[in-house]
Structure formats: structure tokens, C-alpha cells
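Residue strings, one per chain:
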Amino acid sequence: NQLSGYLLRKFKNSNGWQKLWVVFTNFCLFFYKTHQDDFPLASLPLLGYTVSTPDESDSIHKEYVFKLQFKSHVYFFRAESEYTFERFVAWSRVNTFFSMCDTVPCRSTYWVFPLSHY
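What counts and how
- Along each chain, numbering runs from 1 in the same order as the chain's sequence is written.
- Local features in a predicted model are, by the rule used here, given only for residues with pLDDT of at least 70; side-chain atom pairs are given and counted only at 80 or more, and totals for whole chains, interfaces and linings are based on all residues.
- Side-chain measures here rest on the full set of heavy atoms in the structure, leaving out hydrogens and waters.
- Note on conventions: DSSP H or I runs of at least 4 residues are helices, E runs of at least 2 residues are strands, and numbering of each starts at the N terminus.
- We call two residues in contact whenever any of their non-hydrogen atoms come within 4.5 Å of each other.
- Here the Shrake-Rupley method, with its probe set to 1.4 Å, supplies the accessible areas, and only the displayed protein chains count as covering residues.
- A score from 0 to 100, pLDDT tells how confident the predictor is in each residue.
- The criterion is simple. A nonpolar core is a set of buried Ala, Val, Leu, Ile, Met, Phe, Trp, Tyr and Cys residues joined through side-chain atoms within 4.5 Å.
- Buried residues are those whose accessible area, probed at 1.4 Å on protein chains only, stays under 20% of the maximum for their type, while exposed residues exceed 50% and partly exposed ones sit between those limits.
- Aromatic pairs are defined between Phe, Tyr and Trp rings, using the six-membered ring for Trp, whenever the two ring centres lie within 6.5 Å; interplanar angles under 30 degrees are classed as stacked, those over 60 as edge-to-face, and all others as tilted.
- Cation placement over rings: the criterion is NZ of Lys or CZ of Arg within 6 Å of the ring centroid and within 35° of the ring normal.
- Any carboxyl oxygen of Asp or Glu within 4 Å of a side-chain nitrogen of Lys or Arg constitutes a salt bridge here.

Enquirer: Sorry, what's going on with the overall build of the protein here?
Expert: Within the protein one finds 1 helix and 8 strands. Starting at the N terminus, the α and β elements of the protein follow one another as β-β-β-β-β-β-β-α-β. A separation threshold of at least 6 residues defines the contact pool for the protein, and within that pool the share at least 24 residues apart is 35%. Counting only carbon and sulfur atoms, one obtains 52% of the accessible surface of the protein, whose full area is about 7600 Å².

Enquirer: Got a minute to help me understand the confidence of the model for the protein in this structure?
Expert: Do not read the fine detail of predicted coordinates wherever pLDDT is low. Looking at the protein, pLDDT values average 78 and 77% of them are 70 or higher. Taken element by element, the predicted model of the protein shows its lowest mean pLDDT in strand 8 (residues 110-111) (40) and its highest in strand 2 (residues 18-25) (93). In the model, residues 97-118 has pLDDT below 50 throughout and makes 44 contacts with residues more than four positions away in sequence or in other chains.

Enquirer: Would you explain the nonpolar core in this entry?
Expert: One recurring pattern in soluble globular proteins: nonpolar side chains tend to sit buried together. Counting residues in hydrophobic clusters, the biggest one holds 20 residues, and the most contacted among them are L29, L44, F66, L68 and F77. Looking at this core, the elements with two or more residues in it are strand 1 (2-11), strand 2, strand 3 (28-32), strand 6 (65-70), strand 7 (73-78) and helix 1 (82-94). Broken down by element, the residue count for this core peaks at 4 residues, all from helix 1.

Enquirer: Mind showing me how you'd approach the packing of aromatic side chains here?
Expert: Here a ring pair, both rings aromatic, is described through the centre-centre distance and the interplanar angle of the planes. One pass over the full model with this rule turns up 8 aromatic pairs. Between F31 and F77 the ring centres are 5.9 Å apart and the planes differ by 5°, which places this aromatic pair in the stacked class. Taken together, the residues F31 in strand 3 and F77 in strand 7 connect sequence positions 46 residues apart. We note that F31, like F77, is buried. Put simply, the rings of F11, Y49, F70 and Y75 pair up and form one aromatic cluster. The ring of F31 carries R9 above its face, with NZ or CZ at 4.8 Å from the centroid. Positioned over the ring face of Y6 is K19, at 4.9 Å from the centre of the ring.

Enquirer: Is there a simple way to think about the pattern of salt bridges in this case?
Expert: When the charged atoms of two side chains with opposite charge come close together, those side chains can pair. For the structure shown, the criterion picks out 3 salt bridges. The shortest N-O distance in the salt bridge between K67 and D58 comes to 2.9 Å. Judged by its relative accessible area of 5%, K67 falls in the buried class.

Structural data, given as C-alpha cells:
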């Protein structure tokens, strides 16, 4: 199973957004310049990352943005439509274990790691 689509990526300390074709599979994001590319520009294993919406302190004032964070490594991704955003959020919910509900709202933060296969 995989999910793919165009997302805009922003690093924590960068100003601009970079449009990339993103493939989410096997708890890893693969980044391509376009959907036609055969080889990824980079990959990001997501084990241990949290998925959330940006905080006020992040100063991200765009719609359809989610945040991936592991310790000091922070990435922001912005979908170009509500449909794409909802697809990636739904995929994250299906493929992540809901945790940290005591410290943050369950709606906005999820740990990313594999669940047991039955």
C-alpha cells in the first residue's frame, strides 16, 4: 500500500516552499521532483516522528499544512487542496499508532511507527 501526490515541503528554518511528488510507503516518505521520475531525490524514514498540525509558534499561516517532527528535525508539508490534505492525514491515521493523548490533543498529534501485523 502507498499514497502519493504533490506536496509543498518547507524546512523549519527555510523561507520558501518546494513542490515535490511525495510517495508514502513502508513508513517512509520518498521525494521526487515530478511524478514521472524513476528515482527519488531523497527519502525520510518516519519511525519515531510525530505528525501534527503547526503550532502558533511555528508561524505557518497557510491552509492544509501538517508538521513532521523528530527531536529537533522539523518538516512542514502543505497540500494544494483540502482533498489531498485529508488523504495524507487519513493515511497517517491508518498507518500510525495513536499516542501522547495525555499531553497533546489526539486530533493533532500521532506517533509514526509500525503496528503489529496479524
